Amino acid sequence: MKTPTRNRRAEILEAAADLFAARGFHGVSIEDIGTAVGVSGPALYRHFNGKEALLTEMLLDISERLHEQGARLATTADPDTAEAALDALLSGHIEFALTHPALIRVHERELDNVPEQARRAIRRLQRLYVEEWVTVLSELHPACPPARLRAATHAVFGLLNSTPRSAGELAPEAMAGLLHTMARAALSRL
């Protein structure tokens, strides 16, 4: 059997994310996803074992990508470059939030529909991503306790991940600038 191409899998994942965000996991059938990508519903079983497997891969994939990006952007412990690392982390997360609002909605609403073992893996990746931010913030605010830095990181994620509800009226560049300015302000007084 031929292995499905990454592009086809990505196309299916993107269509499913849009549908899950709009109608909820239980409001979408395999047939709906198939129709969205121009194949029969049963043809999707060549790519995924089912809707749950599709949701699981979707949320694992974005969690892995965010963690890998965060690790790459926060690789320095040099205080002279911590400001640049924070700006890079902010820009990377803002770009994600503006280009993938459906994934944010799906994560917010549907994580409980992922099997427990995979859900734990997703949460672990998310914790690791947060710790990348905490590492950078600790360089900028060495006297601040890690728990406070972690709480601030989660609060900033709340701001940045508001894009499914807040980004509609501004052009993406303007929204990115606004989010960056607001997040920097929030993180400047820890």
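Every value quoted in this text rests on a predicted model; they were computed, and no experiment measured them.

Could you give an account of the overall build of the protein, with specific residues and numbers?
Scanning the protein from N- to C-terminus turns up nine helices and zero strands. Start at the N end of the protein and walk to the C end: the helices and strands fall as α-α-α-α-α-α-α-α-α. Across its three principal directions, the C-alpha atoms of the protein cover 55 × 35 × 25 Å. Evaluated residue by residue, the protein yields a buried proportion of 43% over its 190 residues. In the protein, once contacts between residues fewer than 6 apart in sequence are set aside, the share between residues at least 24 apart is 71%. For the protein, the exposed area adds up to about 10000 Å²; of that, 53% sits on carbon and sulfur atoms. Counting 21 positive and 24 negative side-chain charges, the protein places the averaged centre of each group 5 Å from the other.

Got a sec to walk through the pattern of salt bridges? Specific residues and values, please.
One pass over the structure, following the stated rule, counts nine salt bridges. The residue Glu 57 makes a salt bridge to Arg 9 at a minimum N-O spacing of 2.2 Å. Here Glu 57, found in helix α3 (residues 51–73), pairs with Arg 9, found in helix α1 (residues 6–23); they are 48 residues apart in sequence, far enough to count as distant. Of the residues examined, Glu 57 reaches a relative accessible area of 22% and is grouped as partly exposed. Between Asp 87 and Arg 184 there is a salt bridge, with the nearest N and O atoms lying 2.9 Å from each other. Note that Asp 87 is positioned in helix α4 (residues 79–99) and Arg 184 in helix α9 (residues 172–187), a separation of 97 residues in sequence. Because the salt bridges share partners, they merge into one network encompassing Glu 83, Asp 87 and Arg 184.

Account for the nonpolar core, with residues named and values stated.
Phe 20, Ile 33, Leu 54, Met 58 and Trp 133 are the most contacted members of the largest nonpolar core, which has 54 residues in total. Put simply, the parts of the chain that give this core at least two residues each are α1, α2 (30–37), α3, α4, α5 (101–110), α6 (116–140), α7 (146–160) and α9. In this view, Leu 54 contacts Ile 12, Leu 13, Ala 16, Phe 20, Ile 33 and Phe 48; residues no more than four positions away in its chain are not counted.

Break down the packing of aromatic side chains for me, with residues and values.
All told, the structure shown has four aromatic pairs when counted by the stated rule. For the pair Phe 20 and Phe 25, a centre-to-centre distance of 5.3 Å together with 65° between the ring planes defines the contact as edge-to-face. Take Phe 20: its relative accessible area is 0%, and that puts it in the buried class. Residue Phe 25 is classed as buried on the basis of its relative accessible area, which comes to 6%. Ring centres of Tyr 129 and Trp 133 lie 6.2 Å apart, and the angle between their planes is 80°; this geometry places the pair in the edge-to-face category. Taken together, the positions of Tyr 129 and Trp 133, both in helix α6 and four residues apart, correspond to about one turn of that helix.

I'd like a description of a nonpolar patch on the surface, backed by residues and values.
A surface patch of nonpolar side chains, amounting to about 240 Å² of accessible area, comprises Leu 170, Leu 178 and Met 182. Position of Leu 178 among the secondary structure elements: in helix α9.

How would you explain α9 if you had to name every residue and give the values?
The end-to-end C-alpha distance of α9, which contains 16 residues, comes to 22 Å, matching closely the 22 Å that a straight helix rising 1.5 Å per residue would cover. Here α9 has its buried residues at Met 175, Leu 179, His 180, Ala 183 and Leu 187. Taken around the axis of α9, the buried residues stretch over an arc of 135°, which confines them to a single face. Facing away from the buried surface of α9 by more than 90 degrees, the exposed residues are Glu 173 and Thr 181.

Explain the environment of Gly 70 residue by residue, including any values.
By the element assignment, Gly 70 lies in helix α3. Judged by relative accessible area, Gly 70 falls into the buried class, the value being 0%. Excluding anything up to four places from it in sequence, Gly 70 contacts Leu 89, Tyr 129 and Glu 132.

The rules behind these values
- Residues numbered from 1 in each chain as written.
- Predicted model: local features only at pLDDT ≥ 70, side-chain atom pairs only at ≥ 80, totals over all residues.
- Heavy atoms only, no water.
- Helix = DSSP H or I, 4+ residues; strand = E, 2+ residues; numbered from the N terminus.
- Buried < 20%, exposed > 50% of the residue type's maximum accessible area, 1.4 Å probe, protein only.
- Contact = heavy atoms within 4.5 Å.
- Areas by Shrake-Rupley, 256 points an atom, 1.4 Å probe, with all protein chains shown as cover.
- Lys, Arg positive; Asp, Glu negative; His and termini not counted.
- Charge placed at Lys NZ, Arg CZ, Asp CG, Glu CD.
- Salt bridge = Lys/Arg side-chain N within 4 Å of Asp/Glu carboxyl O.
- Core = buried A, V, L, I, M, F, W, Y, C linked by side-chain atoms within 4.5 Å.
- Phe/Tyr/Trp six-rings, centres within 6.5 Å; stacked < 30°, edge-to-face > 60°.
- Patch = residues over 30% accessible without salt bridge, like charges linked within 9 Å, V, L, I, M, F, W, Y side chains within 5 Å.
- Expected span 1.5 Å × (residues − 1).
- Arc of directions from axis to C-beta.

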